Amino acid sequence: LVSGILLFASGSPVFTVVISLLCVLAVYEMFAAAKYTADRALLIICAAFAAAVPFFPLFKTWRFAFIAILVFILCMLALFLVRWQRGIEKIGFAFMMSVLIPAAYSTMIGLRDLYLHSGLHYVRSDGTLFLVLVLLGAWGTDVGGLLAGSLFGKHKLAPTISPKKTVEGALGGIVLCFVGFLLA
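Before going into details, it helps to say that this report is about the structure given with it. (Residues numbered from 1 in each chain as written. Predicted model: local features only at pLDDT ≥ 70, side-chain atom pairs only at ≥ 80, totals over all residues. Heavy atoms only, no water.)

## Let's talk about the state of the cysteines
Considering all chains together, one arrives at zero disulfides under this definition. Counting only cysteine sulfurs, Cys-75 is the nearest neighbor of Cys-46, a cysteine outside any disulfide, at a range of 9.6 Å. With relative accessibility at 0%, the residue Cys-46 sits in the buried group. Residue classification places Cys-75 among the partly exposed positions, given a relative accessible area of 30%. (Disulfide = S-S within 2.5 Å. Buried < 20%, exposed > 50% of the residue type's maximum accessible area, 1.4 Å probe, protein only.)

In structure tokens:
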């Protein structure tokens, strides 16, 4: 569903809004996994920053990005100074998730807009093709891993972390992804 929305909206400004929403949801998921959702101030600051990051490239200058980053760092610093006795782990985790998740999702915007910034002769439809290739790579790896793991899986990859993952499944995922890219 998310992939379909991304592909459908890849040629419009809606794409950036969808990426922004995905960033907020992913940051919330990480907070929930770490059991930090009760800290509303930290969650709101991090979600707001994660929502803003995908919009940075839309501005002609980086002034908006600089101000947003500065405000985010100052808010995180203020929270740390108020809560320093409780440890830095929660704020460090929140800071990293709020930076890394939007940076990763924003690469999809960079792929879409590659034709604007490269010296090569790309057209807008090439950006959509690059997005499709990234998604096909992910899907191919998942499908290859599932099929090879369920058909041939005997050797556990990391039994304490993920008991059903096998070495054969990992190799099957890599092979199907590689073959898919060769065919594309």
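## Side note on the side chain of Ser-98
When you line up the elements, Ser-98 lands in helix 5 (residues 89-112). Sequence-distant contacts of Ser-98, defined by excluding residues within four places in its chain, comprise Val-27, Cys-46, Phe-49, Ala-50 and Phe-72. (Helix = DSSP H or I, 4+ residues; strand = E, 2+ residues; numbered from the N terminus. Contact = heavy atoms within 4.5 Å.)

## Some thoughts on the pattern of salt bridges
In the structure shown here, the tally under the stated rule is two salt bridges. In this structure, the salt-bridge partner of Asp-39 is Arg-83, at a minimum N-O distance of 2.4 Å. Linking Asp-39 in the loop between helix 2 (14-33) and helix 3 (40-52) with Arg-83 in helix 4 (residues 63-83), this pair joins segments that are 44 residues apart in sequence. With a relative accessible area of 9%, Asp-39 lands in the buried category. Classification of Arg-83 as buried rests on a relative accessible area of 17%. Two residues, Asp-39 and Lys-90, come together in a salt bridge whose shortest N-O distance is 3.7 Å. You can see Asp-39 sitting in the loop between helix 2 and helix 3 and its partner Lys-90 sitting in helix 5, a full 51 residues away along the chain. (Salt bridge = Lys/Arg side-chain N within 4 Å of Asp/Glu carboxyl O.)

## Describing helix 2
The first and last C-alpha atoms of helix 2 sit 28 Å apart over 20 residues, in line with the 28 Å expected at 1.5 Å per residue. Directly beyond the C-terminal end of helix 2, a positive phi value near 60° is found at Lys-35. (Expected span 1.5 Å × (residues − 1).)

## Details of unusual backbone geometry
Its identity is not glycine, yet Lys-35 carries a phi of approximately 60°, on the positive side. Inspection of the secondary structure assignment puts Lys-35 in the loop between helix 2 and helix 3. The class for Lys-35 is exposed, based on a relative accessible area of 70%.

## Brief notes about helix 3
In an α-helix there are 3.6 residues to a turn, and that puts residues three or four apart on one side. In this model helix 3 runs 18 Å from its N-terminal to its C-terminal C-alpha over 13 residues, within 8% of the 18 Å that 1.5 Å per residue would give. Among the residues making up helix 3, those that are buried are Leu-42, Leu-43, Cys-46, Ala-47, Phe-49, Ala-50 and Ala-52. Looking at the buried positions of helix 3, the neighbouring elements they touch are helix 2, helix 4 and helix 5.

## Quick look at the nonpolar core
With 29 residues, the main nonpolar core has Ile-19, Phe-31, Leu-42, Cys-46, Phe-56 and Met-76 as its most contacted residues. Put simply, the parts of the chain that give this core at least two residues each are helix 2, helix 3, helix 4 and helix 5. Ranked by residues supplied to this core, first place goes to helix 2 with eight residues. (Core = buried A, V, L, I, M, F, W, Y, C linked by side-chain atoms within 4.5 Å.)

## Considerations on the packing of helix 2 against helix 5
At a minimum axis separation of 9 Å, helix 2 and helix 5 run at an interaxial angle of 155°. In terms of axis orientation, helix 2 runs roughly antiparallel to helix 5. Handedness of the helix 2/helix 5 crossing: right-handed. Between helix 2 and helix 5, the contacting residues are Phe-15, Thr-16, Ile-19, Leu-22, Cys-23, Ala-26, Val-27, Met-30 and Phe-31 on the first element and Phe-93, Ala-94, Met-97, Ser-98, Ile-101, Pro-102, Tyr-105, Ser-106, Met-108, Ile-109 and Arg-112 on the second. (Axes fitted to C-alpha atoms, helices over the stretch in contact; angles between N-to-C directions. Parallel < 35°, antiparallel > 145°, perpendicular 65-115°, else oblique. Left-handed = near helix turned anticlockwise from the far one by under 90°.)

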